[in-house]
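Residue-level structure breakdown
Okay, here's what each chain looks like letter by letter:
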Amino acid sequence: QKARLTSGLTKLNEAEGSVEVLSKDAEVKKKELTKKQAQADEALEEIQKSMEKMSDQKKEVNKAKHKISKESTEMANKKGEIEKRLSGIQPILDAAKEAV
């Protein structure tokens, strides 16, 4: 019976040692996990900032496109007006050339 108790005590001591090793390992893993989580949070924050910046840039590009489109339409209208005026003046210029 003494041998059985000694064997049981040995097993308990071994289990205690295993628990200590596992506890230390778990603590190390917990620290690593906390560090990795902080890195992931930081990366996510950077991604969000980049996306916001891209969204702002896209808005600016759309704004510029709209402005260019408006200016292009205005220029086309002015060109039409100028061509209309020139078409009225062209016969006079042609007649002046022939007269000279």
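So, here is what we can say about the structure in this document. (Residues numbered from 1 in each chain as written. Predicted model: local features only at pLDDT ≥ 70, side-chain atom pairs only at ≥ 80, totals over all residues. Heavy atoms only, no water.)

Looking now at a nonpolar patch on the surface. Nonpolar side chains collect at one region of the surface, where Ile82, Leu86, Ile89 and Leu93 lie side by side and expose about 350 Å² of accessible area between them. Summarising the element assignment, Leu93 is placed in helix H1 (residues 2-99). A relative accessible area of 43% places Leu93 in the partly exposed class. (Patch = residues over 30% accessible without salt bridge, like charges linked within 9 Å, V, L, I, M, F, W, Y side chains within 5 Å. Areas by Shrake-Rupley, 256 points an atom, 1.4 Å probe, with all protein chains shown as cover. Salt bridge = Lys/Arg side-chain N within 4 Å of Asp/Glu carboxyl O. Helix = DSSP H or I, 4+ residues; strand = E, 2+ residues; numbered from the N terminus. Buried < 20%, exposed > 50% of the residue type's maximum accessible area, 1.4 Å probe, protein only.)

Attention shifts here to the pattern of salt bridges. Pairing between side chains becomes possible if they bear opposite charge and their charged atoms approach one another. Under the defined criterion, the tally for this structure stands at two salt bridges. Measuring nitrogen to oxygen at the nearest pair gives 3.5 Å for the salt bridge that ties Glu45 to Lys49. Remark: Lys49 and Glu45 occur in helix H1; sequence separation between them is four residues, near one turn of the helix. Its salt-bridge partner being Glu83, residue Lys79 comes within 3.9 Å of it at the nearest N-O pair. With Lys79 and Glu83 both in helix H1, this residue pair falls four residues apart, about one helical turn.

Turning to the environment of Ser7, a few remarks are in order. Relative to the helices and strands, Ser7 resides in helix H1. Using a relative accessible area of 36% as the deciding quantity, one classes Ser7 as partly exposed. Between the alpha carbons of Ser7 and Gln57 there is a distance of 73 Å; along the sequence they are 50 residues apart.

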